[in-house]
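Close look at the chain arrangement
Residues per chain are reported as follows:
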Amino acid sequence: GAVVSQHPSWVICKSGTSVKIECRSLDFQATTMFWYRQFPKQSLMLMATSNEGSKATYEQGVEKDKFLINHASLTLSTLTVTSAHPEDSSFYICSAKDSRAFDINSPLHFGNGTRLTVT
Amino acid sequence: GQQVMQIPQYQHVQEGEDFTTYCNSSTTLSNIQWYKQRPGGHPVFLIQLVKSGEVKKQKRLTFQFGEAKKNSSLHITATQTTDVGTYFCAGNSGTYKYIFGTGTRLKVLA
């Protein structure tokens, strides 16, 4: 159980276009999801916390108008990279917390990630 | 803000040698998780530690959570070439957000 599906797994787009990445919890509901970005040979950096039915909370330095997050249902959060540029090329990965798990120590469940290349 | 550092950044070992990576948080953690990421892959969850001083073992891997819940370690006994990858710790300070450590890249020489 506790599967998080992320789509697409990889995408190549042209500079100036927008790309949408989906993160779905398949067998549980997730009121909170997290979006990370990982540049080559670096760690995962938390970009934002996605909250179902409300605005996302962005980490310092992350442009909310460039990285649009929508969490319209309990099983789906989307990250849209708007007007993508080559420097946005990265590995984007989401994680989700089971809404039934009230314990703060409950593990998160990660998607397989999306590798974005902007040409 | 919270920072999670890992040392060493890189480690090359001969197959059969032991390996240890250390994780240090600037703040006290509620729990800590460990992940392994193979080259070109995504992070894979290994284990979660919650209690102060907790020690958990998975075959050749031993995980430890410090008494003060600010540091952790991962020790691999008798490394194998399949152990190659980057090992990340990820700490939770009680806000549901996990901050990833800087990672330790392990290379095992056959």
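Residues numbered from 1 in each chain as written. Chains lettered and ligands numbered in written order. Predicted model: local features only at pLDDT ≥ 70, side-chain atom pairs only at ≥ 80, totals over all residues. Heavy atoms only, no water.

1. Focus: the interface of chain B and chain A
Opposite the 23 residues of chain B that make contact, chain A presents 23 residues. When chain B packs against chain A, the two sides together hide about 1800 Å² of surface, and 56% of this comes from carbon and sulfur. The tally of links between chain B and chain A comes to one salt bridge. The salt bridge partner of Lys 97 of chain B is Glu 59 of chain A, with a shortest N-O separation of 3.0 Å. At the level of secondary structure, the elements contributing two or more residues to the side of chain B that touches chain A comprise strand E4 (31-37), strand E9 (85-92) and strand E10 (98-100) of chain B. Broken down by element, the residue count for the side of chain B that touches chain A peaks at four residues, all from E4 of chain B. (Contact = heavy atoms within 4.5 Å. Buried area = accessible area lost by both parts, 1.4 Å probe. Salt bridge = Lys/Arg side-chain N within 4 Å of Asp/Glu carboxyl O. Helix = DSSP H or I, 4+ residues; strand = E, 2+ residues; numbered from the N terminus.)

2. Some points on the state of the cysteines
For the structure on display, the rule yields two disulfides over all chains. Covalent S-S linkage joins Cys 23 of chain A and Cys 94 of chain A, the inter-sulfur distance amounting to 2.0 Å. Between Cys 23 of chain A and Cys 94 of chain A, the disulfide has an S-S torsion of 80° and is therefore right-handed. Within this pair, whereas Cys 23 of chain A is found in strand E3 (residues 19-25), its partner Cys 94 of chain A is found in strand E9 (residues 90-97), the two being separated by 71 residues in sequence. Across the pair, Cys 94 of chain A and Cys 23 of chain A agree in class, each one buried. Between Cys 23 of chain B and Cys 89 of chain B runs a disulfide, and the two sulfur atoms are separated by 2.0 Å. The sign of the S-S torsion, about 80°, decides the handedness of the disulfide formed by Cys 23 of chain B and Cys 89 of chain B: right-handed. You can see Cys 23 of chain B sitting in strand E3 (residues 19-25) and its partner Cys 89 of chain B sitting in strand E9, a full 66 residues away along the chain. What makes Cys 89 of chain B buried here is its relative accessible area of 0%. Of all cysteine sulfurs in the structure, the one in Cys 94 of chain A sits closest to Cys 13 of chain A, which takes part in no disulfide; the separation is 18 Å. (Disulfide = S-S within 2.5 Å. Buried < 20%, exposed > 50% of the residue type's maximum accessible area, 1.4 Å probe, protein only.)

3. Quick word on the pairing of strand E2 (residues 10-13) of chain A
Residue and element names in this part refer to chain A. A one-sided burial pattern is seen for E2, the buried positions being Val 11 and Cys 13 and the unburied ones Trp 10 and Ile 12. Relative to strand E11 (residues 114-118), E2 runs parallel, the two sharing four bridges. Following the sheet pairing, Val 11 is matched in E11 by Leu 116. (Pairing = 2+ DSSP bridges.)

4. Details of the packing of aromatic side chains
On inspection of all chains with the given rule, the structure shows ten aromatic pairs over all chains. Here the aromatic rings of Phe 67 of chain A and Tyr 92 of chain A are separated by 6.4 Å at their centres, their planes lie at 45°, and the arrangement is tilted. With Phe 67 of chain A in strand E7 (residues 67-73) and Tyr 92 of chain A in strand E9, this residue pair connects regions lying 25 residues apart in the sequence. According to the relative accessible area criterion, Tyr 92 of chain A is buried, its value standing at 0%. Members of the aromatic cluster, each reached through a chain of ring pairs, are Tyr 36 and Phe 110 of chain A together with Tyr 35, Phe 45, Phe 88 and Phe 100 of chain B. (Phe/Tyr/Trp six-rings, centres within 6.5 Å; stacked < 30°, edge-to-face > 60°.)

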